[in-house]
Amino acid sequence: MTKATITVNGKPVTAEIEGRTLLVDFLREKAHKTGTHVGCDTSQCGACVVHVNGVAVKSCTMFAAEADGAEVTTIEGMAGADGSLSAIQAAFQEHHGLQCGFCTPGMIMSASALLKENPKPTEAEIRHYLEGNICRCTGYHNIVKAIMAASGQDVTSIAAE
Amino acid sequence: MYAFDVTRPKTVDEAVAALSQEDAQALGGGQTLIPTLKQRLASPSALVSLTGIEDMKGVCQDGDTLVIGGGTTHGTVASEGGAYPALAALASNIGDPAVRNRGTIGGSLANNDPSACYPSAALASNATIVTNSREIAADDYFQGLFTTALDEGEIITSVRFPIPQAANYQKFVQPASRFALVGVFVSKHADGVRVAVTGASEDGVFRWSDAEDALSGNFSPDAVDGLTASADGLMTDLHGDAEYRAHLIKVLTKRAVAACQ
Ligand SMILES: Cc1cc2nc3c(=O)[nH]c(=O)nc-3n(C[C@H](O)[C@H](O)[C@H](O)COP(=O)(O)OP(=O)(O)OC[C@H]3O[C@@H](n4cnc5c(N)ncnc54)[C@H](O)[C@@H]3O)c2cc1C
Ligand code: FES
Ligand code: FES
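Please read all numbers here as calculations on a predicted model, not as lab measurements.

Rules used in this analysis
Along each chain, residue indices are assigned from 1 in the same order as the chain's sequence is written. Chains and ligands are labelled sequentially in the order written, the chains with letters from A and the ligands with numbers from 1. Only residues with pLDDT of at least 70 get local features here, since the model is predicted, and only at 80 or more are side-chain atom pairs given and counted; chain-wide, interface and lining totals rely on the full set of residues. The basis for the side-chain values is all heavy atoms of the structure; hydrogens and waters are excluded. Where each domain begins and ends is defined by an automated method or by a domain database. Only when DSSP finds a minimum of two bridges between them are two strands counted as paired. Helix and strand labels come from DSSP, where a helix needs a run of H or I of at least four residues and a strand needs a run of E of at least two; each type is numbered from the N terminus. For every element, the axis is a line fit to its C-alpha atoms; helices are fit only across the contacting stretch, and the angle between N-to-C directions ranges from 0 to 180 degrees. Summary of the burial criterion: residues with accessible area below 20% of their type's maximum are buried, those above 50% are exposed, and those between are partly exposed, where the area comes from a 1.4 Å probe applied to protein chains only. Should any heavy atoms of two residues lie within 4.5 Å, those residues are considered in contact. In this context, the arc is that of the directions from the helix axis out to the C-beta atoms. Buried area adds together the accessible area that both of two parts lose upon being put together, with accessible area traced by a 1.4 Å probe. Salt bridge criterion: a side-chain nitrogen from Lys or Arg within 4 Å of a carboxyl oxygen from Asp or Glu. Think of a polar contact as two N or O atoms within 3.5 Å of one another; within protein, one of them needs to be a possible hydrogen donor and the other a possible acceptor, and neighboring residues in sequence only count if both atoms come from side chains. Just so you know the grouping, Ala, Val, Leu, Ile, Met, Phe, Trp, Tyr, Cys and Pro go in nonpolar, Asp, Glu, Lys and Arg go in charged, and all remaining residues, Gly too, go in polar.

Observations regarding the domain arrangement of chain B
Reasoning step 1: Along its sequence, chain B is carved into domain 1 (5-49), domain 2 (56-162) and domain 3 (166-260).
Reasoning step 2: Relative placement of domain 1 of chain B and domain 3 of chain B: their C-alpha centres are 34 Å apart.

If you want it as structure tokens, here you go:
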């Protein structure tokens, strides 16, 4: 066992870890941030996406030891301190970008990484970027629509809610 | 996962020393190794993380060669490899963004998955794999399924790609894994054309020499028309049989050449 300190949503969290402790387990079990989900545990589904030093990664496929000293943002860090939703979260709510909500934390973290890189993505660019985020409920349509809306684009011409 | 320690050396020398311990293994981006560890298909006593070694990261152009650090992520090659556009495009279509933010070129080449993308680029470009102790030509490096010329504990520190006159990679995506069902990399150099095929052979990446000869004489998609890729030794799985893969090799080769025009 060794100690690791990871800054989670701005607050340093120090805990004992093993070499094999995954970042997602550190976040859920040591930092008690359970918004980050484990859908597959095989690097496929993207429910566990968080930002490490500003970069989107699958936290089920990174060791906590490798994030020692890093800044991590999880879905809990996306809303304002007063609980107000970020633009992407509000757009997911407005455009029904979720049904059961299991994939949503990963979707929002991937979407926010995309909009940082590409503030006005096309529909095709959004779909390509979300290849590593799987949703079993929505059929993706309203997720894509929500991300276009969050980037300030007109979505009235996109059919079906 | 079985238990192991993780160390994070800052230099190649420290990493080489750490890897000389019994059952120590290098950890690149972990995008292949961590899933393998979860399945208990590997049981190292220690993982030596290469991600803290700054000297192994980055892309730079040296004359007509693109030099990529062994610890450079696919995402960085996609955004900074513009001097070799076909290679940057290949990197930008590996897996998904989160995988590209962690996975490294050194890890991909060391792993030599028979369906991985980079091995075809390295073989078609006649790249040189540079390790902590020597330089290995791509033609000598790939030695079969998940097998390479690397010795135990040897680290890929960089890869040198001669920049071709024209090149293109065509990947027929296997949509569940996002690896190549078949991928063909065509690369035209002053001394001829090289065609490397991934995702098809039971022995991993290989050169399609008939197409190379035909294309070196006449670099046009028609040059491949009269050829048939042999289905002998090609993979058969639930996604496609050997004959289907052989057919794809020809189709993708033609598309790659057409895209170079
Ligand atoms: C969902 C998903 C989709 C993917 N899609 C694709 C795809 O489309 N195409 C594709 O090509 N790949 C794909 N991959 C694999 C990905 O490219 C991996 O990043 C790559 O195969 C391994 O690189 P890594 O840095 O993650 O290595 P690791 O997983 O850390 O290591 C892999 C092996 O290489 C060794 N190693 C690592 N670095 C070095 C080094 N510098 N020198 C010597 N040995 C080293 C390790 O000891 C280990 O044996 C995908 C992976 C996932 C999870
Ligand atoms: S839980 Fe990490 S990718 Fe599915
Ligand atoms: S909303 Fe249920 S998995 Fe996406």
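Having seen the model, we can carry on.
Description of the sheet that holds strand S7 (residues 135-137) of chain B
Residues and elements named next belong to chain B.
Reasoning step 1: One open sheet holds the 5 strands; their spatial order is S4-S5-S8-S6-S7, and the pairing between them is antiparallel. On the outer flanks of this sheet lie strand S4 (59-62) and S7, each paired with one strand and no other. For this sheet, the mean angle separating the axes of adjacent strands, direction not counted, is 25°.
Reasoning step 2: Sheet topology note: the S4/strand S5 (residues 65-69) ladder contains 4 bridges and is antiparallel. Counted as the bridge partner of Gln 61 is Leu 66 from S5.

Let's talk about the environment of Phe 206 of chain B
All names here are of chain B.
Reasoning step 1: Structurally, Phe 206 can be placed in strand S12 (residues 206-207).
Reasoning step 2: You can call Phe 206 partly exposed: its relative accessible area is 25%.
Reasoning step 3: Each C-alpha atom, one on Phe 206 and one on Val 184, is 9.9 Å from the other, the two residues being 22 residues apart in sequence.
Reasoning step 4: Not counting residues within four places of it along the chain, the set of residues in contact with Phe 206 comprises Leu 123, Val 195, Ala 196, Val 197, Ala 200, Ser 201, Leu 234 and Ile 249.

Section: helix H1 (residues 12-19) of chain B
All names here are of chain B.
Reasoning step 1: Inspection of H1 places Val 12, Ala 15, Ala 18 and Leu 19 among the buried residues, and these make up the whole buried set. When H1 is viewed along its axis, its buried side chains cluster within an angular range of 125° and face the same direction.
Reasoning step 2: Packing partners of the buried residues in H1 comprise strand S2 (24-27), strand S3 (46-49) and strand S8 (156-162).

Re the interface of chain B and chain A
Reasoning step 1: At the junction of the two partners, chain B supplies 30 residues and chain A supplies 22 residues.
Reasoning step 2: Here chain B packs against chain A, burying approximately 2000 Å² in sum over the two surfaces, 55% of which is carbon and sulfur.
Reasoning step 3: It is Arg 8, Lys 38 and Arg 102 of chain B in chain B that bury the most area against chain A; as a group they hold 24% of the surface buried on that side.
Reasoning step 4: In this structure, the connection of chain B to chain A is made through 3 salt bridges.
Reasoning step 5: Between Lys 38 of chain B and Asp 41 of chain A there is a salt bridge; the shortest N-O distance is 2.6 Å.
Reasoning step 6: Where chain B packs against chain A, one counts 12 residue pairs in polar contact (both at pLDDT 80 or more).
Reasoning step 7: Mapped by element, the contributors of at least two residues to the side of chain B that touches chain A are helix H2 (33-38), S3 and helix H5 (97-102) of chain B.
Reasoning step 8: The element that contributes the greatest number of residues to the side of chain B that touches chain A is H5 of chain B, accounting for 6 residues.
Reasoning step 9: When the residues that make up the side of chain B that touches chain A are grouped by side-chain class, the tally is 14 nonpolar, 10 polar and 6 charged.

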